[in-house]
Amino acid sequence: MSNYWFECVNCGKTWDSSEWRYLCPNCSKDNSPDKPPKGVLWIRYIFPENPSQLDVDELLFHLWPIKSQDSFPILRVGNTPLYSFSYFENEKLDFQLLIKDDSQNPSYSFKDRASYLVSAFAKENNWNTIVAASTGNAGSSLAAMCAANHQKAVILLPHTSPKAKLIQVQMYGAELIKIKGNYDDAYEESLSLSKKNNWFNRNTAYNPLTIEGKKSVSYEVYDQLKGECPQMIFVPVGDGVIISGVYKGFEDLLQMGLIKEMPTIVAVQAQGSANIIRNIKNSILEFPKASTIADSIAVDVPRNFYMVVHYLKKYNGKSIAVTDKQIMEAAFNMSTAFGLFAEPASAAAFAGFIHWSKENGIPKDIKVLILHTGSGLKDVEAIGQIKNVLQ
Ligand SMILES: *Cc1c(COP(=O)(O)O)cnc(C)c1O
């Protein structure tokens, strides 16, 4: 018997894992591309009996649906640096500022955490081809993991994706399908391809492993801080899978009694693409078209909307929207103050931190963590506009 099962975020129904599932069949019946999909699934586990005696790698292995460590790509994914800063712009901080540098993943973004697990699961379950629609980073990440794990990747990207991301996909030897529409069109096309050809599908918030893979960051931070969690975490949010992974990781630790409190998590969105923040309290949902320089968080209809709202409500999470100008300023600040070059989506988290601290202050002596999710080299054209934006 396996130690995991599926649970629907909308109706709470559960299924055993004898059969693979993407979405809850009942809740997803009326899904359409203009509304956030219902029926995204959690994977749930029987927790180990002696969690405090396991190291973090053993814990994660226990709480992932994988049978052998050998199934993972050989590349080093996660275990990224956690930096601590006591100064910012020549001012001594009276709290501890931490930055988790996930641009140091093999394909230079946080997405590798999800692709790593998807690749291993596909290997153990005899899917040789994995397909994904993406705005860029998820696709280039899957292409990298599949190359390393001797699998075939088929990646659908809008033709307008940043050049570096398109080129990455090709260099990793994946089949690149450029879509003449947007991400939503690529998404629909990838679903029909995976159904038609029986390929494994990595689409974010469609495949529950995307959330599972991303939770590893919380385990790592817990380990790197020797069990003392940050009190606040700033996370850039587009579809809402990273933030859900972060929550799920800390929730696991909470439920195993390894930590005492859930950190206060702040969801940061671009003002031109703030469809999660905008709708948290709405009963009638509205999804205006996204427009922001931060392509990795430019999302019209957030795919993991219901799960993010669930977590933000359950754990009293916060949110803040930042302008493109603030994002570009923050990218510049991160580079000049710390030597960390971030793509705009990643710099959004830092912009959220700066503006949150201006508006609300940061309590003395706490640990504040910022997720740095993608390298600036991923989108030099956007970053190159910085001079115009900052004038
Ligand atoms: C995908 C991505 C995000 C946002 O993650 P979601 O799961 O869509 O909320 C943030 N930063 C970077 C660099 C990304 O690639």
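Figured I'd write up the structure that's included with this text. Residue positions are counted from 1 within each chain, in the order its sequence is given. For this predicted model, a pLDDT threshold of at least 70 governs which residues receive local features, and a threshold of 80 or more governs which side-chain atom pairs are given and counted, while totals over whole chains, interfaces and linings are taken from all residues. Only hydrogens and water are set aside when side-chain values are computed; all heavy atoms of the structure are taken into account.

**Some points on the overall build of the protein**
Reasoning step 1: Counting its regular elements, the protein contains 13 helices and 13 strands.
Reasoning step 2: Taking 391 residues into account, the globule formula puts the C-alpha radius of gyration at 21 Å, and the protein, at 19 Å, falls close to it.
Reasoning step 3: If one aligns the C-alpha atoms of the protein with their principal axes, the spans along those axes are about 55 × 50 × 45 Å.
Reasoning step 4: Looking at the protein residue by residue over its 391 residues, the buried ones come to 62%.
Reasoning step 5: Pairs of residues are marked as contacts when any of their non-hydrogen atoms sit within 4.5 Å. A separation threshold of at least 6 residues defines the contact pool for the protein, and within that pool the share at least 24 residues apart is 70%.
Reasoning step 6: Note on areas: these come from Shrake-Rupley sampling with a 1.4 Å probe, and a residue is covered only by the protein chains present in the view. For the protein, the computed accessible surface area is about 16,200 Å², with 49% contributed by carbon and sulfur atoms.
Reasoning step 7: Counting 39 positive and 40 negative side-chain charges, the protein places the centres of these two groups 3 Å from one another. Each helix is a run of H or I in the DSSP string that is no shorter than four residues. Each strand is a run of E no shorter than two, and both are numbered from the N terminus. Radius of gyration: over C-alpha atoms. The globule rule applied is 2.2 Å multiplied by the number of residues raised to the 0.38 power. Throughout, exposure labels follow a simple rule: accessible area from a 1.4 Å probe, protein chains only, divided by the maximum for the residue type, with under 20% read as buried, over 50% as exposed, and the rest as partly exposed. Counted as positive: Lys and Arg. Counted as negative: Asp and Glu. His and the chain ends are not counted at all. In this description, the location of a charge corresponds to atom NZ of lysine, CZ of arginine, CG of aspartate or CD of glutamate.

**Details of the site of the ligand**
Reasoning step 1: Proximity criterion: a residue is near a molecule or strand once any of its heavy atoms comes within 4 Å of it. Neighbouring the ligand are 16 residues, the closest being Lys-111, Asn-137, Gly-238, Gly-240 and Thr-373.
Reasoning step 2: What qualifies as a polar contact is a pair of N or O atoms within 3.5 Å, subject to a donor-acceptor requirement within protein and to the restriction that residues adjacent in sequence count only when both atoms come from side chains. The separation between a nitrogen atom of the ligand and a polar side-chain atom of Thr-373 is 2.8 Å.
Reasoning step 3: By residue class, the composition of the shell around the ligand is 6 nonpolar, 6 polar and 4 charged. Under the grouping applied here, Gly and all other residues not named as nonpolar or charged are polar, the nonpolar ones being Ala, Val, Leu, Ile, Met, Phe, Trp, Tyr, Cys and Pro and the charged ones Asp, Glu, Lys and Arg.

**Structural notes on the state of the cysteines**
Note: disulfide means a covalent bond formed between the sulfur atoms of two cysteine side chains.
Reasoning step 1: Any cysteine sulfur atom paired with another within 2.5 Å is treated as part of a disulfide. For the coordinates displayed, the defined rule picks out 0 disulfides.
Reasoning step 2: You can see Cys-11 has no disulfide; the closest cysteine sulfur is in Cys-27, sitting 3.7 Å from it.
Reasoning step 3: The exposure class assigned to Cys-11 is partly exposed, which follows from its relative accessible area of 41%.
Reasoning step 4: The structure places no disulfide on Cys-24, whose sulfur is separated from the nearest cysteine sulfur, that of Cys-27, by 3.8 Å.

**Considering the pairing of strand β8 (residues 175–179)**
Reasoning step 1: With 5 bridges joining them, strand β7 (residues 152–158) and β8 adopt parallel strand pairing. By the bridge assignment, Leu-156 is partnered in β8 with Ile-177.
Reasoning step 2: Viewed with both strands pointing away, a crossover whose connecting path from the first strand over the helix to the second turns clockwise is right-handed. Since β7 and β8 lie parallel, the crossover through helix α4 (residues 163–171) that links them has a hand, and here it is right-handed. At least two bridges found by DSSP between two strands is the condition for calling them paired.

**Some remarks on the pattern of salt bridges**
Reasoning step 1: Basic side-chain nitrogens of Lys or Arg form a salt bridge, by our definition, when they fall within 4 Å of a carboxyl oxygen of Asp or Glu. One pass over the full model with this rule turns up 16 salt bridges.
Reasoning step 2: Between Lys-100 and Glu-220 there is a salt bridge, and its shortest N-O distance comes to 2.8 Å. Of this pair, Lys-100 sits in strand β5 (residues 91–101) while Glu-220 sits in helix α7 (residues 216–224), and the two are 120 residues apart along the sequence.
Reasoning step 3: Take Lys-100: its relative accessible area is 0%, and that puts it in the buried class.
Reasoning step 4: Residue Glu-220 is classed as buried on the basis of its relative accessible area of 9%.
Reasoning step 5: Each of Glu-7, Arg-44, Glu-251 and Lys-314 takes part in one network of salt bridges that share partners.

So, to be careful, I would describe these as geometric facts and stop short of saying anything about function.
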